[in-house]
Each structure stands twice: as structure tokens, then as C-alpha cells.
Amino acid sequence: MIRLVLAIILLLLSLLSVFRAPIHVLWYAEILVTEFPWIFILAEVVLLLWGLQAGRYVAAGTVIAFISLAFFLVPPVTAALIGRKLPEQMRTAGFGTPGRRQPLPFRFWKMMSGVGSTTVAYKSLVYTAPGVPALSLDFYPSQQPGMKPCVLVVHGGSWAGGNSKQLPELNSHLAKKGYHVASINYRLAPVHKSPAPVEDIGTALRFLQREGSRLGIDTSSFILLGRSAGGQLVLSAAYQLALPQIKGVISFYGPADMVWGAQHPANPLVFNSGAVLHNFLGGSYGEVPQAYVQSSPT
């Protein structure tokens, strides 16, 4: 009976890999299911092995476990299929060395092992501008010799939370690959509204340029990288600052059209996007439409 109950619970969780979460708590569960499916796949394997013993409800539990396993396999299988096409698509778009075979961007074992546990030691540096409170950034030096480009990382958190300590594993991974990494803190809503964070990115870039020779930075080559709200900020900074030193911008799931976001709000039971935009932009779209237009990287 316990096995059957566990199988049903896992089945309900597995549905989150293909259906949207109806409430906020299940939204977090959906992230777990789709980002760490291998954990649930292993749990299903344990349940199936458990079913090798004779007992009541064995057949029902086994059928449910197989159905759940199929759902849990959807994210990694989809990622693998997309990943097989990505190297050629990147070459077609003009990225990479022509004729050079690129490694597949997704591997099942990498899903479990991650990018590695060895972290690069960082140092906290303070940057500021006239009339602006001092802010800090975490600087991960390149682990390869010479003057190297710098990736400026902007954290997520709905423009109102988060900090430079997010995903240090990625920062260390980039440093080991030969990039300097500067993960910055910036002014947060609702106290500070747009475009304050974009101004902070500009201030951080100017600071890194001034300190470039001391830090070993190739000050002609910066990449902006942001996640979620940070994705919107790096896109906005890339287009609004228009600095020739910005050679690239990477946005992971960042909103690019704030007007569209206001007109298509998320389910408030899952995520109150209207309140988030209101706090960041200083009002609703009806109240401050120009703030929505000007903060849209599109």
C-alpha cells in the first residue's frame, strides 16, 4: 500500500513536467521536476525494483510508476533532442569556428554531475558613482594567464531581491574557462525603480575599466549575462548604454517586452507579475506607460 501511495504522489508531481502549476507552491515543485528530473527518475526506478516483490497493489503501482517515469523523462529527452540541433544552428547563425565540431550542449550525465564542485575564490570589491550608495561586486579572476575578457553577471529576483551570491558554480566555471567574472549587486525595487539598476551596470562597467590593468581585464571585451530580471537588465544595458566595449549579451529567461508583460499578467495565484512590475516601474501600465516602453529591450 505504501508503494502505491508513493507511486500516486510521484505521478501527480510528474504531471508538472507537461502542465502548468496552478498555485505558487506547485510552481516551485514544477521547477524541481523540470530542473532536476533525474532525482525523480531514480525514485521511479527504486519503486519499480520494489515492485519485484509479490504483494497487493503491485500491478497498479507498477503501471502508475511507468506512466510517471514517462512524464519525468520529458524534460531531459526534449533537452537532448533540442541539443542535437543547436551546434548546427549556432554555426548557421555565425557563431563558432566553421568546420569545427562542437560538443553537444546537453548530456544526461552532465545533468546529474553539474559543472563541477571546485569553486574559484572571489574577492568583494566596492563600486559607486556620485550621489549613489556604494555597491559591491564579487570578482572571480580568470584561471588562465593573460589579459582576459570579463563577464558581468546580473542576478535575478524580480528586481526586488537576490544578490551577487547566486549560482557561484557558474561563475567559477566561467573563470576556469578563461573569463574574469564580476557578479554585481544593484539597487533594488521598490525603493529604487527603473532605470536605476541599468545605471548601476554602467557604473560597474566603468569601475572595471578603471581597474582593468590591476585586475587583468581586457577592457575592450565585456559580456553581460543576466537571469530573469537580470536578463531584462543586461538587455536594456546593452542597448541603452551602447558601449563599444560590450561585445555580447546573454539573457536567461529575461522579459524583453514589459508592455506585453503588463497586458498578459501571470496567474496571481502562481506569481503576481502585476505587483512586481508596479514596484519596479513606479506604477501600472495605465499610470506610467512610458516607463514600460522605455524599459523594454525590444
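Residues numbered from 1 in each chain as written. Predicted model: local features only at pLDDT ≥ 70, side-chain atom pairs only at ≥ 80, totals over all residues. Heavy atoms only, no water.

Asks: Sorry, what's going on with the pattern of salt bridges here?
Replies: Pairs may arise between side chains of opposite charge once their charged atoms sit close together. Across all of its chains, the model carries five salt bridges by this definition. Note that Glu211 and Arg214 form a salt bridge whose closest N and O atoms lie 2.7 Å from each other. Judged by its relative accessible area of 22%, Glu211 falls in the partly exposed class. Overlapping salt bridges, with partners in common, bring together Arg187, Glu199 and Asp200 in one network. (Salt bridge = Lys/Arg side-chain N within 4 Å of Asp/Glu carboxyl O. Buried < 20%, exposed > 50% of the residue type's maximum accessible area, 1.4 Å probe, protein only.)

Asks: In this structure, what is going on with helix H10 (residues 229-241)? I would like to understand it.
Replies: For the α-helix, the turn length of 3.6 residues means that residues three or four positions removed from each other point alike. With 13 residues, H10 extends 18 Å from end C-alpha to end C-alpha; this agrees with the ideal 18 Å at 1.5 Å per step. H10 sits mainly inside the fold: 10 of its 13 residues count as buried. Where H10 is buried, its residues meet strand S3 (148-154), helix H8 (196-210), strand S5 (217-227), strand S6 (246-252), helix H11 (258-263) and helix H12 (273-281). Looking one or two residues beyond H10, the residue adopting positive phi is Ala242, at roughly 50 degrees. (Helix = DSSP H or I, 4+ residues; strand = E, 2+ residues; numbered from the N terminus. Expected span 1.5 Å × (residues − 1). Contact = heavy atoms within 4.5 Å.)

Asks: Just to check I follow, could you spell out helix H3 (residues 37-50) for this structure?
Replies: Its 14 residues give H3 an end-to-end C-alpha distance of 20 Å, which sits within 8% of 20 Å, the value for a rise of 1.5 Å per residue. Along H3, the positions that sit buried rather than exposed are Pro37, Phe40, Ile41, Glu44, Leu47 and Leu48. Taken down its axis, H3 places every buried residue within 115 degrees of arc, on the same side. Of the residues in H3, the exposed ones pointing more than 90 degrees away from the buried face are Val46 and Leu49. Elements in contact with the buried residues of H3: helix H1 (2-14), helix H2 (24-35), helix H4 (58-72), helix H5 (74-92) and helix H6 (108-113). (Arc of directions from axis to C-beta.)

Asks: Could you clarify how one ought to interpret the side chain of Ser68 in this entry?
Replies: Examined against the element boundaries, Ser68 turns out to sit in helix H4. Contact partners of Ser68, with chain neighbours within four places excluded, come to Ala7, Leu10, Leu11, Ser14 and Glu44.

Asks: Help me out: how do you make sense of the environment of Gln209 in this one?
Replies: The residue Gln209 is located in helix H8 in this model. Look at Gln209 and you get partly exposed, because its relative accessible area is 28%. As for Gln209 and Gln53, which are separated by 156 residues in sequence, their C-alpha atoms are 66 Å apart. Beyond its immediate chain neighbours, meaning those up to four positions away, Gln209 contacts Thr219, Phe222 and Gln245.

Asks: I tried to follow the pairing of strand S2 (residues 135-140) on my own but got confused; where do I start?
Replies: Within a regular strand, side chains alternate between the sheet's two faces. Within S2, five of the six residues are buried, which leaves it mostly tucked inside the rest of the structure. Examined bridge by bridge, strand S1 (residues 123-127) and S2 share five bridges and lie antiparallel to one another. Within S2, the position partnered with Ser124 by the bridge is Asp138. For S2 and strand S4 (residues 180-184), the ladder comprises four bridges, and the chain directions are antiparallel. Its bridge partner being in S4, Phe139 is matched across the sheet by Ala182. (Pairing = 2+ DSSP bridges.)

Asks: What's the story with the pairing of S5 in this structure? I'm lost.
Replies: Within S5, eight of the 11 residues are buried, which leaves it mostly tucked inside the rest of the structure. Sheet topology note: the S3/S5 ladder contains six bridges and is parallel. What sits directly across from Lys148, in S5, is Ile217. With six bridges joining them, S5 and S6 adopt parallel strand pairing. Bridge pairing in S6 places Leu224 opposite Val249.

Asks: Got a minute to help me understand the packing of H8 against H10 in this structure?
Replies: A pair of packed helices can be characterised by two numbers: the angle between their axes and the separation between those axes. Packing of H8 against H10 brings their axes to within 9 Å, and their N-to-C directions diverge by 70 degrees. Accordingly, the angle class assigned to the pair H8 and H10 is roughly perpendicular. Considering the relative orientation of H8 and H10, their crossing is right-handed. Facing H8, whose interface residues are Pro197, Val198, Ile201, Gly202 and Leu205, H10 presents Leu233, Val234, Ser236, Ala237, Gln240 and Leu241. For the contact of H8 with H10, the residue count by class is eight nonpolar, three polar and no charged. (Axes fitted to C-alpha atoms, helices over the stretch in contact; angles between N-to-C directions. Parallel < 35°, antiparallel > 145°, perpendicular 65-115°, else oblique. Left-handed = near helix turned anticlockwise from the far one by under 90°. Nonpolar A, V, L, I, M, F, W, Y, C, P; charged D, E, K, R; others polar.)

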